[in-house]
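# Structural characterization, general
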Amino acid sequence: MSRVLVGVKRVIDYAVKIRVKPDKTGVVTDGVKHSMNPFDEIAVEEAVRMKEKKLASEVIAVSCGPAQAQETLRTALAMGADRAIHVEVAGAEYETMQPLHVAKILAKLSQDEKADIVIVGKQAIDDDSNQTAQMIAALLDWPQGTFASKVEKSDAGLTITREIDGGLEVIKTKLPAVISADLRLNEPRYATLPNIMKAKKKPMKKVSAKDLGVDLSPRIKVVSVVDPPVRQAGSVVPDVDTLVAKLKEGGHV
Amino acid sequence: MSQTHRKAVLNLYKTLLFLGRDWPQGYDLFRKRLNKVFVRNSEESDPNKIALMVKHGQFVIKEIEALYKLKKYRAMKRRYYDDN
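Residues numbered from 1 in each chain as written. Chains lettered and ligands numbered in written order. Predicted model: local features only at pLDDT ≥ 70, side-chain atom pairs only at ≥ 80, totals over all residues. Heavy atoms only, no water.

As annotated in an unreviewed UniProt entry, chain B carries the name Jg7936 protein and comes from Pararge aegeria aegeria. Within the UniProt record for chain B, the comment given under Sequence similarities (unreviewed entry) is "Belongs to the complex I LYR family." (UniProt positions renumbered as here; feature names shortened; annotations may be inferred.)

Looking at an unreviewed UniProt entry, chain A carries the name Electron transfer flavoprotein subunit beta, with the source organism given as Pararge aegeria aegeria. The record held by UniProt for chain A lists under Sequence similarities (unreviewed entry) the comment "Belongs to the ETF beta-subunit/FixA family." Looking at chain A in UniProt, the text filed under Subcellular location (unreviewed entry) is "Mitochondrion matrix".

Once that is clear, we can look at a nonpolar patch on the surface. Judged by side-chain polarity, A:L243, A:L247 and A:V253 come together as a nonpolar surface patch covering roughly 260 Å² of accessible area. Given a relative accessible area of 39%, A:L243 falls into the partly exposed group. (Patch = residues over 30% accessible without salt bridge, like charges linked within 9 Å, V, L, I, M, F, W, Y side chains within 5 Å. Areas by Shrake-Rupley, 256 points an atom, 1.4 Å probe, with all protein chains shown as cover. Salt bridge = Lys/Arg side-chain N within 4 Å of Asp/Glu carboxyl O. Buried < 20%, exposed > 50% of the residue type's maximum accessible area, 1.4 Å probe, protein only.)

There is about 1,300 Å³ of room inside the second largest pocket. For the second largest pocket, the lining is made up of 40 residues, of which A:D13, A:S35, A:E41, B:D22 and B:K72 are closest to its centre. For the lining of the second largest pocket, the secondary structure elements donating two or more residues are β3 (34-36), α1 (38-52) and α2 (69-79) of chain A together with α3 (47-80) of chain B. The biggest single contributor to the lining of the second largest pocket is α3(B), with 8 residues. Of the residues contributing to the lining of the second largest pocket, the split by class is 20 nonpolar, 6 polar and 14 charged. (1 Å grid on protein atoms, 1.4 Å probe; cavity = no way out; pocket = protein on both sides within 12 Å on 5 of 7 lines; lining within 4 Å. Points joined across faces, edges and corners; volume = space filled by probe spheres on them. Helix = DSSP H or I, 4+ residues; strand = E, 2+ residues; numbered from the N terminus. Nonpolar A, V, L, I, M, F, W, Y, C, P; charged D, E, K, R; others polar.)

Right, let's get into the nonpolar core. All names here are of chain A. Ranked by internal contacts, the top residues of the largest apolar core, which has 56 residues, are V4, V44, M50, I119, V151 and I179. Broken down by element, this core gets its largest block of residues, 7 residues, from α1. Setting aside residues up to four positions removed in sequence, V151 forms contacts with E46, M50, L158, T159, I160, I179 and L185. Within the second largest apolar cluster, 27 residues are counted, among which are V89, A107, A115 and A137. (Core = buried A, V, L, I, M, F, W, Y, C linked by side-chain atoms within 4.5 Å. Contact = heavy atoms within 4.5 Å.)

Right, let's get into the side chain of A:D40. All names here are of chain A. Among the structural elements, D40 can be located in helix α1. The buried charged residue D40 lacks any salt bridge partner; its closest oppositely charged side chain belongs to K9, at an N-O distance of 7.7 Å. For D40, the side chain forms a polar contact with the main-chain nitrogen of K9, separated by 2.7 Å. At 3.0 Å, the side chain of D40 forms a polar contact with the backbone nitrogen of G121. In this view, D40 contacts G7, V8, K9, V120 and G121; residues no more than four positions away in its chain are not counted. (Lys, Arg positive; Asp, Glu negative; His and termini not counted. Polar contact = N/O pair within 3.5 Å; in protein donor to acceptor, adjacent residues only side chain to side chain.)

This part covers the interface of chain B and chain A. Taken together, the 18 residues of chain B in the interface contact 23 residues of chain A. Summed over both partners, the interface of chain B with chain A buries about 1,800 Å², with 60% contributed by carbon and sulfur atoms. Linking chain B with chain A are 2 salt bridges. The salt bridge involving B:K72 is made with A:E41; its shortest N-O contact spans 2.9 Å. Viewed at the interface, chain A and chain B are joined by 9 residue pairs in polar contact (both at pLDDT 80 or more). Elements supplying a minimum of two residues to the side of chain B that touches chain A: α1 (3-20) and α3 of chain B. In terms of residues, the side of chain B that touches chain A owes the most to one element, α3(B), which gives 11 residues. For the side of chain B that touches chain A, the residue count by class is 8 nonpolar, 1 polar and 9 charged. (Buried area = accessible area lost by both parts, 1.4 Å probe.)

This paragraph deals with the sheet that holds strand β7 (residues 144-153) of chain A. Within a sheet, neighbouring strands are paired by backbone hydrogen bonds and run either parallel or antiparallel to one another. Residue and element names in this part refer to chain A. In spatial order, the strands read β9-β8-β7-β10-β6-β1-β4-β5-β11; together these 9 strands make up an open sheet with mixed pairing. This sheet does not close on itself; its edge strands, each paired only once, are β9 (167-174) and β11 (204-208). Mean inter-strand twist for the sheet, computed between neighbouring axes without regard to direction, equals 35°. Bridge count between strand β4 (residues 56-65) and strand β5 (residues 83-88): 6 bridges; the pairing is parallel. By the bridge assignment, V62 is partnered in β5 with I85. Here helix α5 (residues 132-140) sits on the sheet in contact with β6 (117-121), β7 and β10 (177-181), set at roughly 80° to β7. (Pairing = 2+ DSSP bridges. Axes fitted to C-alpha atoms, helices over the stretch in contact; angles between N-to-C directions.)

Another aspect to go through is the pairing of β5(A). Buried residues dominate β5(A), accounting for 5 of its 6 residues. One crossover worth recording links β4(A) to the parallel β5(A) by way of α2(A), and it is right-handed. (Right-handed = clockwise from strand over helix to strand, strands pointing away.)

Written as structure tokens, this is what we have:
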């Protein structure tokens, strides 16, 4: 029986149209709907299924962020996590927080909580970094199964099917291990209203990065954030000859 | 409305309202439509018919959950996996 630590991130909801701040320092987050990162939902679901199959004894959800990160943790608890840890990071520190900081926090917590498996989403849909799982594995010197689309328990450890370019790769790891969840790993359940209510009774611990001995000083500086280029409007050509001429001009034929 | 069904109907309404918060066309539209349906059937007194309606409501809940799941999955697939 192992203990599973799951990392969850609060991000701008996937259905929201992202707007860039006019001063190019970032994106507008005030008054915008937030929810749990979809890949982290898959990670939570996998951990909960491990518990349901009696492969895991306890599921601990962790989130780093401002006070609102607790809502995301409540969702994780409603999905079936046993308890939650909120690492409070607010204001300017949160804005410059990088995957390295999160990885250090999660690595520290997984040692403190004696976790055997760490599961995170492969990437967040806001910064698309895709670094946290890899960094946690490196910091802890644990094996890693990234982009997992299937996780099975085998005698000594785990058998993980990974999604790689043009196919699948099956690897075997010992425990403890770090897993990052890909889209096809499972279908996350919906956090229902009664379960969200019940989740309010589950324990949530609040710690600060300082308590964990993690230095949050920024390693990078955001120079500017801009909108992606707008797709140029097409044009209607009068006949086939013009079309062929234009294609030749563009080097397509 | 009989006392036995009262709780079931209220629960159904609350659950649907909760689901409506994620409705693609907005919560207001969902709430208005939902309210209209419940008001329209509020005069129903036959317990069997009410039970049937509650059952249909449970079915609608399952459908909406499935819709949200699929919508999210497709959005993720389109953004991260469809290169061609």
